[in-house]
Amino acid sequence: MLHAIVEELSNGLIESTNTKTRLIIRRGFGFRSAEAVIALVMLCLGGNRPALPRRQLT
């Protein structure tokens, strides 16, 4: 607690990433392999936004 106050650090970003990952995994139930769920998590949270046809990146 003291370290968070002195250094002004928080684990909020990690906690939000963990929550988003859990929600994506819950959505991925029924997939045939773990690799498909891992790919879905990487696509959603990886930060790389591939260009899709007829869509503009925002």
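As shown above, the structure is provided for reference.
Remember, it's a predicted structure, so these values are computed and weren't measured experimentally.

Enquirer: Looking at this model, I keep getting lost on the overall build of the protein. Mind explaining?
Expert: Looking only at helices and strands, the protein features 3 helices and 0 strands. Shown N-terminal to C-terminal, the secondary structure of the protein runs as helices and strands in the order α-α-α. Sorting the 58 residues of the protein into buried and exposed places 7% on the buried side. Entry remark: accessible area of the protein is about 5,600 Å², with carbon and sulfur atoms responsible for 60%.

Enquirer: Any chance you could explain the packing of helix α2 (residues 12–27) against helix α3 (residues 34–45) here in plain terms?
Expert: To characterise two packed helices, one gives the angle between the axes of the helices and the distance between these axes. Relative orientation of the contacting elements α2 and α3 amounts to 135 degrees, with a least axis distance of 10 Å. Of the possible angle classes, the one that applies to α2 and α3 is oblique. With respect to the hand of their crossing, α2 and α3 are arranged in right-handed fashion. Each of Thr17, Lys20, Thr21, Ile24, Ile25 and Arg27 in α2 lies in contact with α3, whose residues at this interface are Val37, Leu40, Val41, Cys44 and Leu45.

Enquirer: Hey, could you run me through a nonpolar patch on the surface in this one?
Expert: On the surface, Leu2, Ile5 and Val6 cluster together to form a nonpolar patch covering roughly 340 Å² of accessible area. Positionally, Val6 belongs in helix α1 (residues 2–7).

Enquirer: Please clarify how the environment of Thr17 should be interpreted in this entry.
Expert: Position of Thr17 relative to the elements: it lies in helix α2. Placed 28 residues apart in sequence, Thr17 and Leu45 show a C-alpha to C-alpha distance of 7.8 Å. Polar contacts involving the side chain of Thr17 include one to the main-chain carbonyl oxygen of Leu13, which spans 2.9 Å.

Reading guide: rules and limits
Residues numbered from 1 in each chain as written. Predicted model: local features only at pLDDT ≥ 70, side-chain atom pairs only at ≥ 80, totals over all residues. Heavy atoms only, no water. Helix = DSSP H or I, 4+ residues; strand = E, 2+ residues; numbered from the N terminus. Buried < 20%, exposed > 50% of the residue type's maximum accessible area, 1.4 Å probe, protein only. Areas by Shrake-Rupley, 256 points an atom, 1.4 Å probe, with all protein chains shown as cover. Axes fitted to C-alpha atoms, helices over the stretch in contact; angles between N-to-C directions. Parallel < 35°, antiparallel > 145°, perpendicular 65-115°, else oblique. Left-handed = near helix turned anticlockwise from the far one by under 90°. Contact = heavy atoms within 4.5 Å. Patch = residues over 30% accessible without salt bridge, like charges linked within 9 Å, V, L, I, M, F, W, Y side chains within 5 Å. Salt bridge = Lys/Arg side-chain N within 4 Å of Asp/Glu carboxyl O. Polar contact = N/O pair within 3.5 Å; in protein donor to acceptor, adjacent residues only side chain to side chain.

This is a description of form; function is not addressed.
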